[in-house]
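Residue-level structural notes
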Amino acid sequence: MITLEGIVERIIFRNEENGYTVAKINSTDGDLVIVGSATILKTNLKYKFTGDFTYHNKYGEQFAFIEMEEIMPEGEAAIINYLSSSMIPHVGEKMAERIVNKFKDETLDVIEKNPERLLSVEGIGKKKYKDIKEALDRQYAMRKIFLYFSKYNLPAAIILKIYKEYGDESIEIVMRNPYDLIGRVRGIGFKKADEIAESIGVKKDSDFRKIAGLKYALMLANRDGHTYLPLDKLIRASENILGLKFENTDEIAKTLTLEKNFFVERDGENYNCYIARYLAAENYVAGKLKDLNISFEEEIDIDKKIIETERFREIELSKTQRKAVKEAINRGVFVITGGPGTGKTTTLKVLIDIFESMDKVIKLAAPTGRAAKRMKEQTGRDAFTIHKLLEIGFAGDIGFSNIEELECDVLILDEVSMVDIILMETLLKSIESPTRLILVGDKDQLPSVGAGNVLADILKSGIIESVNLEEIFRQSEQSMIVKNAHLINKGEMPILNEGDFFMISERGEMKGLEIIKDLVKTRLPNYFNVSEADVQVLTPTKKGNHGTINLNKVLQDHLNNSEEFIEILGKKFKVGDRVLQTKNNYELETRVENEFYQDIQKGVFNGDLGYISKIDKENKKVTVIFDDVRSVEYNSDNLDELALAYAMTIHKSQGSEFPVVVIPLYRAAPMLLTRNLIYTAITRASKAVVLVGMSEYLVKMIENNKTVKRYSNLAKKLRRQNEIIGK
């Protein structure tokens, strides 16, 4: 083995999932490229690497390291560089110079052993010192935790998440039950937890490990959209995870029933296995929809009201729209579905006008901020996200807390296909009969990212009345986006290169990337008179040349030349970057303020889109503006929740609308090349769609009308509730 020392000059590549890193270092032997798994590696810091030289056919000589450790800096210049390397709040280059000028060679000893002496440095008052001291204490605890978990080849981002979850007791808690990491620490699955468990002596065939495997299989099922798994499916999935066979499958149902937060429901001769909160949500939604689903007999002439509203708005409703309006007024729960251009918005406007003439209090809501914003623009009435409308917080395993009853006569919820079973339960807890609930959506779009199949199950049950709008209206017939969406939905090829719908054929993936770069930066903004920010790339996948990971890196380099940036845990963010929140955070503070008004709320949610307006490199903070008005400040503890959004997965784009959408059509997993995925993608565009790639993948997507089965019992439970009423 060879040992060498060097200063990290540049990180060329880093995989945050496994820590694999390629970096350029400056050593006594000159510039070298190093490769290996690094828990944490920072530019401008010095490290000792142990390994050997290898030769790569394409990239030449490299040093493959298997061990590394940080070398504390020596000399004033090195210490200044060390202190200002994004490690300590309020300490940028100038402050680092002041500290070193004050303490000289004692600087690192002062920081380690007598940090209170920093109060004698000009510019460090009690408040800054408090922040610095907390950071130093945290770093001391973290160093111990980083050192311990690095032997499991965990990347720095994951170890940091472990520390955020468990604090100073991280090692003790994880050693007691490594499987507790699953579900609590994003990025750790069964394989890594199992590796840790094996190292502390957990046997492969132990009941402890088997239960962990069963729980993990059920957790994965929830992530895939299922509210439960049949027992036989759960056993099969668990056996694949555990790498062993269950000998006594009869005992599994009993064992799971005894486990906290799990429930096994008898379904005829079968058993359905739930994480308890999903069963509770499913039962509650079925029961509450039954309670709300009453009939109204209003003492008004609805036909007359419709005619008056048509005259006022200078429109004429179709027979189906007219039926939707009348049924929605007469029923406690009603569903309106339809694709683009079929008049859902017009129907809603008429409904709102009539309800207002009846002096009804109406609330409008949607699952995401962008969907709520679009609903407000389309109806001319205030619309809110469900979280904002209910002003709810999150309370871990028990779900949402502080749910108060909404004071309204009518609640209209748009983009219902996006609503999962937990969010639907939360919404229904806020209303009581005789509040009317009107659900609006497109039944052909992708189902919710979260567990459940709410809209599809409600329609499938046949218990809740619904109307599907199918007629395309004259003003929408001119749009090839609308026309092609309906063609695709029927399994037919779209009409290409007419009107607002284009395809650029290019078989080469790298050439396709160059075309997309040119389209986003120059051609489309010039042709459609829009800004770069109005052009959104939507792709089926995260991986590959045309996945979000690579596209975002390429587009950031191409579109954003800002020199104001920050790098934390391998992620690089620049001022002006388009960004996406990747998980719900109910504690982040959001501000809307100007000289006349201030509103402070809590909560930023998965899928929220914004842009970086400010970077405070010295204090490691990033300010993001969401929905053009909400300001949110991130720090190094939560920046991992942000991702670049020059390119998004089609799943993440649900509920959003963009002027121009660019869709790459290249290799992807077959399960991602589906009709409803391409349908959802093109219906996100309002002005134009541009497909780039290979036409055979478009054909595959249109022909593939298979949808992955979701295990959800809401439809069955709705029918059961109806049978109970009938008896």
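Residues numbered from 1 in each chain as written. Predicted model: local features only at pLDDT ≥ 70, side-chain atom pairs only at ≥ 80, totals over all residues. Heavy atoms only, no water.

Some thoughts on the sheet that holds strand S18 (residues 535–539)
With parallel pairing, the five strands of this open sheet are ordered in space as S17-S30-S29-S18-S28. Each edge of the open sheet is held by one strand with a lone partner, namely strand S17 (501–505) and strand S28 (647–649). Adjacent strand axes in the sheet meet at a mean angle of 25°, parallel and antiparallel pairs treated alike. One ladder, built from three bridges, connects S18 with strand S29 (residues 658–665); its direction is parallel. When the bridges of S29 are listed, Gln536 appears paired with Val661. (Pairing = 2+ DSSP bridges. Helix = DSSP H or I, 4+ residues; strand = E, 2+ residues; numbered from the N terminus. Axes fitted to C-alpha atoms, helices over the stretch in contact; angles between N-to-C directions.)

Here's the deal with the pattern of salt bridges
Considering all chains together, one arrives at 43 salt bridges under this definition. Note that Lys46 is salt-bridged to Glu5, the shortest N-O span being 3.7 Å. Taken as a pair, Lys46 in strand S4 (residues 46–56) and Glu5 in strand S1 (residues 2–14) lie far apart in primary sequence, 41 residues in all. On the basis of relative accessibility, which here comes to 34%, the residue Lys46 falls in the partly exposed class. Arg381 is the partner of Asp353 in a salt bridge, and the nearest nitrogen-oxygen pair spans 3.1 Å. Of the two residues, Asp353 sits in helix H14 (residues 344–357) while Arg381 sits in the loop between helix H15 (369–379) and strand S11 (384–385), which places them 28 residues apart along the sequence. (Salt bridge = Lys/Arg side-chain N within 4 Å of Asp/Glu carboxyl O. Buried < 20%, exposed > 50% of the residue type's maximum accessible area, 1.4 Å probe, protein only.)

A closer look at the packing of helix H12 (residues 302–313) against H14
Direction vectors running N to C along H12 and H14 enclose 115°, while the axes themselves pass 10 Å from each other. Pair H12 / H14 crosses with right-handed handedness. Between H12, through Lys305, Ile306, Thr309, Phe312 and Arg313, and H14, the contact on the second element is made entirely by Lys349, Val350, Asp353, Ile354 and Ser357. Partitioned by chemical class, the residues of the contact of H12 with H14 number four nonpolar, two polar and four charged. (Left-handed = near helix turned anticlockwise from the far one by under 90°. Contact = heavy atoms within 4.5 Å. Nonpolar A, V, L, I, M, F, W, Y, C, P; charged D, E, K, R; others polar.)

Things to note about the UniProt feature "domain: Helix-hairpin-helix DNA-binding motif class" (unreviewed entry) in the protein chain
UniProt tags residues 88–102, 116–135 and 180–199 as "domain: Helix-hairpin-helix DNA-binding motif class" (unreviewed entry). Measuring from the first to the last C-alpha atom of residues 88–102 gives 17 Å, for a span that is 67% helix and 0% strand. (UniProt positions renumbered as here; feature names shortened; annotations may be inferred.)

A short note on the sheet that holds strand S22 (residues 585–593)
A sheet is described by the order of its strands in space; here seven strands give the open sequence S23-S22-S26-S25-S24-S21-S27, paired in antiparallel fashion. Every interior strand has two partners, whereas the edge strands, strand S23 (598–604) and strand S27 (642–644), have only one. Neighbour-to-neighbour, the strand axes of the sheet open up by a mean angle of 40°, direction not taken into account. Pairing between S22 and strand S26 (residues 630–635): two bridges, direction antiparallel. Directly across from Thr590, in S26, lies its bridge partner Val632.

Thoughts on the domain arrangement of the protein chain
As far as domains go, the protein chain holds domain 1 (2–70), domain 2 (76–144), domain 3 (156–200), domain 4 (207–282), domain 5 (293–473) and domain 6 (492–703). Centre-to-centre separation of domain 3 and domain 6, based on C-alpha positions: 32 Å. (Domains from an automatic or database assignment.)

Observations regarding H14
Taking 1.5 Å as the rise per residue, H14 with 14 residues should run 20 Å; its terminal C-alpha atoms sit 20 Å apart, in good agreement. If you check which residues of H14 are buried, you get Lys344, Thr347, Leu348, Val350, Leu351, Ile352, Asp353, Ile354 and Phe355. Among the residues trailing H14, Asp359 stands out with phi positive, at a value near 65°. (Expected span 1.5 Å × (residues − 1).)

Comments concerning the pairing of strand S9 (residues 333–338)
Buried residues dominate S9, accounting for six of its six residues. Judged by which residues are buried, S9 turns out to be covered on both faces: Val333, Val335 and Thr337 on one side and Phe334, Ile336 and Gly338 on the other are all buried. Of the strand pairs in this sheet, S9 and strand S15 (residues 436–441) are connected by five bridges, and their pairing is parallel. Residue Val333 lies in a different strand from S15, and its bridge partner there is Leu437. Here S9 pairs with strand S16 (residues 466–469) via four bridges, running parallel. Looking across to S16, one finds that Val335 is bridged to Ser466.

Digging into the side chain of His226
Tracing the sequence through the fold places His226 in the loop between helix H8 (207–223) and strand S6 (228–230). Not counting chain neighbours up to four residues away, the residues in contact with His226 comprise Ala221, Ala451, Lys709, Arg710 and Tyr711.

Focus: the environment of Leu644
By secondary structure assignment, the location of Leu644 is in strand S27. Leu644 sits 67 residues away from Asp577 along the chain, and the two C-alpha atoms are 7.0 Å apart. Setting aside its immediate chain neighbours within four residues, Leu644 contacts Asn552, Gln556, Lys572, Phe573, Asp577, Arg578 and Val579.

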